[in-house]
Amino acid sequence: MNPGPFGMCQTGIPFGDPICVRQFLQIEGIVNKPEVECQSRMIVGFNSSRREQSGKRFWEFFENLCGSSEKFFENALLLNFCPIALMKSNGSNVTPAEIKDTKVRKSLEAACNNWYLEVIRLLKPKFIVAVGGYIDKKTKDLFKSNNINDIQILCMPHPSPRSVGNQNWHEKAQKFIDDNNLIGYFQA
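Throughout what follows, the structure given in this document is the object of discussion. Worth saying up front: this structure is predicted, and the values here are computed from it rather than measured.

Quick look at unusual backbone geometry
Positive phi outside glycine occurs at Gln26, with the angle close to 55°. With respect to the secondary-structure elements, Gln26 resides in the loop between helix H2 (18-23) and helix H3 (53-66). Under the relative-accessibility criterion, Gln26 is labelled exposed at 60%. Non-glycine residue Lys124 carries a positive phi angle of around 50°. Tracing the backbone shows Lys124 in the loop between helix H5 (102-123) and strand S1 (127-131).

And the structure:
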């Protein structure tokens, strides 16, 4: 959906748990601070000691599945639908779905739809794996309103520990990979 305060906000990488990004993705660098910074969620970049639990789950699963980040990225690209960090003044994350002001939410989602559609048209994927119900619905709505019928949409469970009953996410993710015959995209 959008960057979390301990993941992409720190590393610039979707599901960007700093340890997984450094170790599995082998990416490290300087992350600049925004002009306006939330005092409750200071940007410390790759020096962050906080784990991003969704990212930890996501990247550890794919590390075990693929063995290397190179293998993962041979056939996959990971994007945030809304690559904008949204936080309350206390630093808690706000997802686009949680924005109560309908006009603001729809304006933000329209901008996100436009760039998402451009990426899809540019890359021409065979299928899209939506990670979670929110992006699954957004993708289906976008495809319907743009008469896109030649790209399959699959919905993988989101790795968030905030989701009720998601303690066994690795098992759910493996079942999703198996049920959709995707293993060949991630293993030699």
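Some remarks on the pattern of salt bridges
Enumeration according to the criterion identifies nine salt bridges in this entry. With a closest N to O distance of 3.1 Å, Arg162 and Glu98 form a salt bridge. Taken as a pair, Arg162 in the loop between strand S2 (152-156) and helix H7 (169-179) and Glu98 in the loop between helix H4 (69-75) and H5 lie far apart in primary sequence, 64 residues in all. Overall, the relative accessible area of 31% leaves Glu98 in the partly exposed class.

Notes on the packing of H3 against H7
In contact at an axis separation of 10 Å, H3 and H7 are set at 50° when each is read in the N-to-C sense. The angle between H3 and H7 falls in the class oblique. The hand of the H3/H7 crossing is right-handed. Each of Arg57, Phe58, Glu60, Phe61, Phe62 and Leu65 in H3 lies in contact with H7, whose residues at this interface are Trp169, His170, Ala173, Gln174 and Ile177.

Here we look at the pairing of S1
Where S1 meets S2, five bridges bridge the pair, whose relative direction is parallel. Across the sheet, the residue bridging to Val129 is Leu154, located in S2. A crossover connection joins S1 to the parallel S2 through helix H6 (residues 133-145); in handedness this β-α-β unit is right-handed.

Section: the nonpolar core
Grouped together as the largest cluster of nonpolar side chains are 25 residues, with contacts concentrated most on Phe58, Trp59, Phe62 and Phe186. At the level of secondary structure, the elements contributing two or more residues to this core comprise H2, H3, S2 and H7. Here this core gets six residues from one element, more than from any other, and that element is H3. Setting aside anything within four residues of it in sequence, one finds Trp59 in contact with Pro14, Phe15, Cys20, Phe24, Leu25, Phe72, Phe73 and Leu78.

Conventions adopted
- Residues numbered from 1 in each chain as written.
- Predicted model: local features only at pLDDT ≥ 70, side-chain atom pairs only at ≥ 80, totals over all residues.
- Heavy atoms only, no water.
- Helix = DSSP H or I, 4+ residues; strand = E, 2+ residues; numbered from the N terminus.
- Buried < 20%, exposed > 50% of the residue type's maximum accessible area, 1.4 Å probe, protein only.
- Salt bridge = Lys/Arg side-chain N within 4 Å of Asp/Glu carboxyl O.
- Axes fitted to C-alpha atoms, helices over the stretch in contact; angles between N-to-C directions.
- Parallel < 35°, antiparallel > 145°, perpendicular 65-115°, else oblique.
- Left-handed = near helix turned anticlockwise from the far one by under 90°.
- Contact = heavy atoms within 4.5 Å.
- Pairing = 2+ DSSP bridges.
- Right-handed = clockwise from strand over helix to strand, strands pointing away.
- Core = buried A, V, L, I, M, F, W, Y, C linked by side-chain atoms within 4.5 Å.

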